[in-house]
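Given next are the chains, with one letter for each unit.
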Amino acid sequence: MTEKGAVKKEYFLEGLQCAHCAGNIETEVRKLHGVSEATVNFVIKTLHIESDAGAAGDLSGKVDAIAKKYEPDIIVREKGAAAPAEKSIYLAGLNCADCAARINLAVKRLEGVHSAHLDVVSQKLTIQSFDRGRLTELARQAGEIALRIEPDIKIAYSRAQPEPENKNSITGLADKAAAILGIVGFVSAFAFSFPASWELGLYLLSYLLIGGKVLLRALRNIARGQVFDENSL
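Q: What's the story with the sheet that holds strand β2 (residues 35-41) in this structure? I'm lost.
A: Two modes of strand pairing occur in sheets, parallel and antiparallel, and in both the strands are linked by backbone hydrogen bonds. Spatially, the four strands line up as an open sheet ordered β2-β3-β1-β4, and their pairing is antiparallel. With one partner strand each, in any of the chains shown, β2 and β4 (75-78) form the two edges of the open sheet. Averaged over all pairs of adjacent strands, the angle between strand axes in this sheet comes to 20 degrees, irrespective of strand direction. Of the strand pairs in this sheet, strand β1 (residues 6-14) and strand β3 (residues 46-52) are connected by seven bridges, and their pairing is antiparallel. Looking at β3, one finds that K8 is bridged to E50. Seen against the sheet, helix α1 (residues 19-30) touches β2 and β3 and runs at an angle of roughly 170 degrees to β2.

This is how it looks when you write it as structure tokens:
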């Protein structure tokens with residue numbers, strides 16, 4: 001029987017996969033201040049809560065934090081609540097799938113983020129939050145996370161993606177020159193007879209000229225503990 005003044009709420013637990021985690025979520029929510037009853041239905045992925053009126057207003061954030069502690073990818077949505085607001089940022093130059101997964105996971109764990117989805121193909125990260133006023137700050141934090149994991153990418157906080165690097169710039173011309181010299185060195189070592197030490201030197205020089213940027217990114221990632229990514233492989 002519902003006590004006088006008690007408030008009932010129902011939450012959808014989208015993405016809930018673990019029955020044991022569901023039990024843990026139920027137990028922790030039941031211990032929240034003001035909560036008199038909490039029941040998770042694992043089959044239909046719902047959480048029913050009964051609490052006093054004073055605690056009801058602060059439940060959503062607490063429930064979301066508890067749920068994500070056990071299943072980081074879970075999306076908690078209150079039945080009847082307005083849809084979350086969203087903002088997208090663009091991560092130009094992001095070509096590492098493993099880095100993208102780590103960026104996505106880290107952004108999902110930010111306080112106030114309802115959900116986050118990073119599309120590697122479009123290089124677009126979409127963030128959802130019920131707190132519309134925090135979206136700009138959350139987008140900024142997401143950009144900082146992305147740059148920390150992949151320092152070579154470029155961030156844009158509007159619909160217009162960053163313009164691609166001008167191939168006629170000094171950097172673009174230097175890259176072309178390095179590639180041409182690398183090819184010339186490799187072909188020379190392969191086609192002509194040089195002392196073994198010269199051949200080895202030409203092959204090594206060609207490797208560094210053509211793949212130097214990838215090697216540099218791999219070394220930087222290894223220094224940060226990111227050993228087995230696309231660059232190092």
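Q: How should the sheet that holds strand β7 (residues 124-129) be read in this particular structure?
A: The antiparallel open sheet is built from four strands, whose spatial order is β6-β7-β5-β8. On the outer flanks of this sheet lie β6 (115-119) and β8 (154-156), each paired with one strand and no other. The average angle at which neighbouring strand axes cross in this sheet is 20 degrees, direction not considered. Relative to β6, helix α4 (residues 97-108) is tilted by about 165 degrees, and along the sheet it contacts β6 and β7. Packing against the sheet, helix α5 (residues 135-149) makes contact with β5 (85-92), β7 and β8, and its axis sits at approximately 25 degrees to β5.

How each quantity is defined
- Residues numbered from 1 in each chain as written.
- Predicted model: local features only at pLDDT ≥ 70, side-chain atom pairs only at ≥ 80, totals over all residues.
- Heavy atoms only, no water.
- Pairing = 2+ DSSP bridges.
- Helix = DSSP H or I, 4+ residues; strand = E, 2+ residues; numbered from the N terminus.
- Axes fitted to C-alpha atoms, helices over the stretch in contact; angles between N-to-C directions.
- Contact = heavy atoms within 4.5 Å.

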